[in-house]
Amino acid sequence: MISSSLVVAFFVGLFILCIITKIFSLPLQLLWKAIYNSVIGAIVLYVINFLGIVYIPINFITALIAGVFGIPGVLLLTIWALL
């Protein structure tokens, strides 16, 4: 027969495992979001330069802005270049 303390210990261990998994998955979600923003921002920068709407040099600063902010960052860079 299974004792109640063993069942409680099992559920406490399972709960702790769930918390640890949640803590470690949060940075991975942030990493995937950053990668997604970077790729979308780079594609939009390339398309804007390719279409000739405005020339935005692709360097470290513009890539960083497009990577961190995504499409709103590219729109900000476009408005900045038009001024």
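Right, let's walk through the structure included here. These figures come from a predicted structure and were not determined experimentally. (Residues numbered from 1 in each chain as written. Predicted model: local features only at pLDDT ≥ 70, side-chain atom pairs only at ≥ 80, totals over all residues. Heavy atoms only, no water.)

### Brief notes about the overall build of the protein
Turning to step 1, where the next piece is worked out: Each helix and strand counted, the protein has three helices and zero strands in total.
Turning to step 2, where the next piece is worked out: The order of α-helices and β-strands along the protein, N terminus first, is α-α-α.
Turning to step 3, where the next piece is worked out: Expected size for 83 residues packed as a compact globule is a radius of gyration near 12 Å; at 23 Å, the protein overshoots this value by more than 25%.
Turning to step 4, where the next piece is worked out: Relative to its full complement of 83 residues, the protein shows a buried share of 17%.
Turning to step 5, where the next piece is worked out: At a minimum sequence separation of 6, the contacts of the protein that also span at least 24 residues come to 54%.
Turning to step 6, where the next piece is worked out: Total accessible area computed for the protein in this model is approximately 6700 Å², and 83% of it derives from carbon and sulfur atoms. (Helix = DSSP H or I, 4+ residues; strand = E, 2+ residues; numbered from the N terminus. Rg over C-alpha atoms; globule rule 2.2 N^0.38 Å. Buried < 20%, exposed > 50% of the residue type's maximum accessible area, 1.4 Å probe, protein only. Contact = heavy atoms within 4.5 Å. Areas by Shrake-Rupley, 256 points an atom, 1.4 Å probe, with all protein chains shown as cover.)

### What to know about the environment of Leu76
Turning to step 1, where the next piece is worked out: Relative to the assigned elements, Leu76 resides in helix H3 (residues 71-82).
Turning to step 2, where the next piece is worked out: Owing to a relative accessible area of 52%, Leu76 belongs among the exposed residues under this scheme.

### Observations concerning the environment of Ser3
Turning to step 1, where the next piece is worked out: Here Ser3 shows up in the segment before helix H1 (4-51).
Turning to step 2, where the next piece is worked out: A relative accessible area of 37% places Ser3 in the partly exposed class.
Turning to step 3, where the next piece is worked out: For Ser3 and Ala66, which are 63 residues apart along the polypeptide, the C-alpha to C-alpha distance reads 58 Å.

### Quick look at the nonpolar core
Turning to step 1, where the next piece is worked out: Core analysis: the biggest nonpolar cluster contains seven residues, these being Leu45, Ile48, Val54, Ile56, Ala66, Val74 and Leu77.
Turning to step 2, where the next piece is worked out: Mapped onto this core, the elements with two or more residues apiece are H1 and H3.
Turning to step 3, where the next piece is worked out: Leave out the neighbours within four places in its chain, and Ile48 touches Ile53, Val54, Ile56, Val74 and Thr78. (Core = buried A, V, L, I, M, F, W, Y, C linked by side-chain atoms within 4.5 Å.)

### Some remarks on a nonpolar patch on the surface
Turning to step 1, where the next piece is worked out: Taken together, Leu28, Leu31, Trp32, Ile35, Val39, Ile43, Tyr46, Val47, Phe50, Leu51 and Ile53 make up a surface patch of nonpolar side chains, about 1200 Å² in accessible area.
Turning to step 2, where the next piece is worked out: When its relative accessible area of 44% is taken as the criterion, Leu31 is described as partly exposed. (Patch = residues over 30% accessible without salt bridge, like charges linked within 9 Å, V, L, I, M, F, W, Y side chains within 5 Å. Salt bridge = Lys/Arg side-chain N within 4 Å of Asp/Glu carboxyl O.)

### Examining the packing of helix H2 (residues 60-69) against H3
Turning to step 1, where the next piece is worked out: For the pair H2 and H3, the least separation of the axes is 6 Å and the interaxial angle reads 140°. Compared by their axis directions, H2 and H3 come out oblique. Residues Thr62, Ile65, Ala66 and Phe69 of H2 lie in contact with H3, whose contacting residues are Ile71, Pro72, Gly73, Val74 and Leu77. (Axes fitted to C-alpha atoms, helices over the stretch in contact; angles between N-to-C directions. Parallel < 35°, antiparallel > 145°, perpendicular 65-115°, else oblique.)

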